Amino acid sequence: MTTAFSHLGLHPELVQAVEALGFTTPTPIQSAMIPVMLEGHDVIGQAQTGTGKTAAFALPILHRLEPGGRAVQSLVLVPTRELAVQVAKAMHDFGRERGIRVLPVYGGEPYGRQISRLNKGVDVVVGTPGRLLDLIQREALDLSEVETVVLDEADEMLSMGFIEDIESILSATPAERQTALLSATVPPEIRRLADRYLRQPQSVAIEREQVTVSAIEQRHYLVYETDKLAALTRLFEVEPITSALIFVRTRAGTGELAAELSTRGFPAEALSGELEQEERERVMNRFRRNLIKVLVATDVAARGLDIDHISHVFNFDLPEDPEVYVHRIGRTGRAGKSGTALSLVTPNERWRL
């Protein structure tokens, strides 16, 4: 069992940067993935948000980079703008001592600034598929010398319809690149993607027991669909909620439920894919800073929402996939705190539970 980052064979400046950021012991996904990637293997990593997966791929990439080169050496694809910003910041912080240049690119921002940065030279690009493809088509982004590609949250990119964009982007990179695919779930479509684009990948899976934090209390309530709102309101009255994330099935459902809770005296805001990027970021920031106590979101909209102070996660609608349930409830009980996950289950859904 690895007990320190210094035992993983990483560049001393990286170890120093990681320890300066307060990380002392690698998480299971980091201990498993970092040595595999340092050896140059392709890898499939199955792990949820909150397990330390960003450092698991970022540190070996940063170890192998030659900072200050002319060409982009590494590419990270992510499903959302929020995750692009988050991953780029982490890579910048880890690689600061080595002078590594990281650029996040995503839609909703002017092209000029991103193209200008690319022209000046960037070592790592972290981006969403749509904007990456636009920049390639404008001949502003050259991936012909990329050595490592990471597909982060591949299952979400798949569910958001990015599969063709991803394939187009991969075709612009060298065939002999190293590829890492990270996904909370590995459905057949992800397996087919891996079979097509990864070369003899090694699989690293973090067992569900390590993901579902023991500090999370899980409860469910059997209610009829028509009584869900009344049940949720009652729970809000009796639970010691400091900050809550409520998951619903549809985009439309986020706005409806947030409005209903607000009229009942529990101010809530909705987070859905329909929001303009700027407004979406404002909502996220208000929740991060604890100015909003209650956020109603879909699974896709909540990606990139990496916050330690959530006391309660509510499944207003149960997810279809058990792995998604694990992923949802893992948003509470973080950073050594305890958390509560409450699910509203209709009689017809008991089999799913």
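Residues numbered from 1 in each chain as written. Predicted model: local features only at pLDDT ≥ 70, side-chain atom pairs only at ≥ 80, totals over all residues. Heavy atoms only, no water.

Caption draft 1: Summary view of the packing of aromatic side chains. Within the structure shown, the criterion is met by 3 aromatic pairs. Summarising the aromatic geometry, the rings of Phe23 and Phe94 are spaced 6.4 Å apart at their centres and angled 65 degrees between planes, so their arrangement reads as edge-to-face. Within this pair, whereas Phe23 is found in the loop between α1 (12-20) and α2 (28-38), its partner Phe94 is found in helix α4 (residues 81-95), the two being separated by 71 residues in sequence. Accessibility expressed as a relative area gives 43% for Phe23, which makes it partly exposed. Arranged with centres 5.3 Å apart and planes meeting at 50 degrees, the rings of Phe236 and Phe266 form a pair that is tilted. With Phe236 in helix α11 (residues 228-238) and Phe266 in the loop between α12 (251-263) and β10 (268-271), this pair connects stretches of sequence that are 30 residues apart. Each of the two residues, Phe236 as well as Phe266, counts as buried. An aromatic cluster is defined as three or more aromatic residues linked by ring pairs; in this entry it consists of Phe236, Phe266 and Phe314. The cationic tip of Arg138 hangs over the ring face of Tyr111; the distance from NZ or CZ to the ring centre is 3.6 Å. Directly above the aromatic system of Phe316 lies the positively charged group of Lys228, at a separation of 5.3 Å from the ring centroid. (Phe/Tyr/Trp six-rings, centres within 6.5 Å; stacked < 30°, edge-to-face > 60°. Helix = DSSP H or I, 4+ residues; strand = E, 2+ residues; numbered from the N terminus. Buried < 20%, exposed > 50% of the residue type's maximum accessible area, 1.4 Å probe, protein only. Lys NZ or Arg CZ within 6 Å of the ring centre and 35° of its normal.)

Caption draft 2: The side chain of Thr128, seen in detail. Along the chain, the position of Thr128 falls in the loop between β4 (124-127) and α6 (129-137). Judged by its relative accessible area of 8%, Thr128 falls in the buried class.

Caption draft 3: Representation of the sheet that holds strand β9 (residues 244-247) in the model. As summarised here, the arrangement of the 6 strands in space is β8-β13-β12-β9-β11-β10, forming an open sheet in which the pairing is parallel. Each having just a single partner strand, β8 (216-222) and β10 make up the two edges of the open sheet. Pairwise comparison of adjacent strand axes, ignoring direction, gives a mean angle of 20 degrees for this sheet. By the bridge criterion, 4 bridges tie β9 to strand β12 (residues 312-315) in an arrangement that is parallel. Bridging from a neighbouring strand, Leu245 pairs with Val313 of β12. (Pairing = 2+ DSSP bridges. Axes fitted to C-alpha atoms, helices over the stretch in contact; angles between N-to-C directions.)

Caption draft 4: Highlighting the pattern of salt bridges. Here the structure, examined in full by the defined rule, presents 19 salt bridges. The partner of Asp317 in a salt bridge is Lys228, and the shortest N-O contact between them spans 3.0 Å. One end of the pair, Asp317, is in the loop between β12 and α14 (322-329); the other, Lys228, is in helix α11, and 89 residues separate them in sequence. Overall, the relative accessible area of 1% leaves Lys228 in the buried class. The salt bridge partner of Arg264 is Glu260, with a shortest N-O separation of 2.7 Å. For Arg264, a relative accessible area of 40% gives the class partly exposed. Exposure remark for Glu260: the relative accessible area of 35% places this residue in the partly exposed category. (Salt bridge = Lys/Arg side-chain N within 4 Å of Asp/Glu carboxyl O.)

Caption draft 5: Representation of the nonpolar core. In terms of nonpolar packing, the biggest core is built from 40 residues, with Met33, Phe57, Leu59, Met91 and Val126 touching the most fellow members. Of all the secondary structure elements, the ones that give two or more residues to this core are α1, α2, α3 (53-64), α4, β4 and β6 (178-183). In this structure Met91 touches Ala58, Ile61, Leu62, Val76, Val102, Val124 and Val126, once residues within four positions along its chain are discounted. (Core = buried A, V, L, I, M, F, W, Y, C linked by side-chain atoms within 4.5 Å. Contact = heavy atoms within 4.5 Å.)

Caption draft 6: Expanded view of the sheet that holds strand β2 (residues 74-77). Strand order in the open sheet formed by 7 strands is β3-β4-β2-β5-β6-β1-β7, with parallel pairing between adjacent strands. The sheet is open, and its two edges are formed by β3 (102-105) and β7 (202-205), each paired on a single side. For this sheet the average axis-to-axis angle between neighbouring strands, irrespective of direction, equals 15 degrees. Pairing between β2 and strand β5 (residues 148-151): 4 bridges, direction parallel. The residue of β5 that forms the bridge with Ser74 is Thr148.

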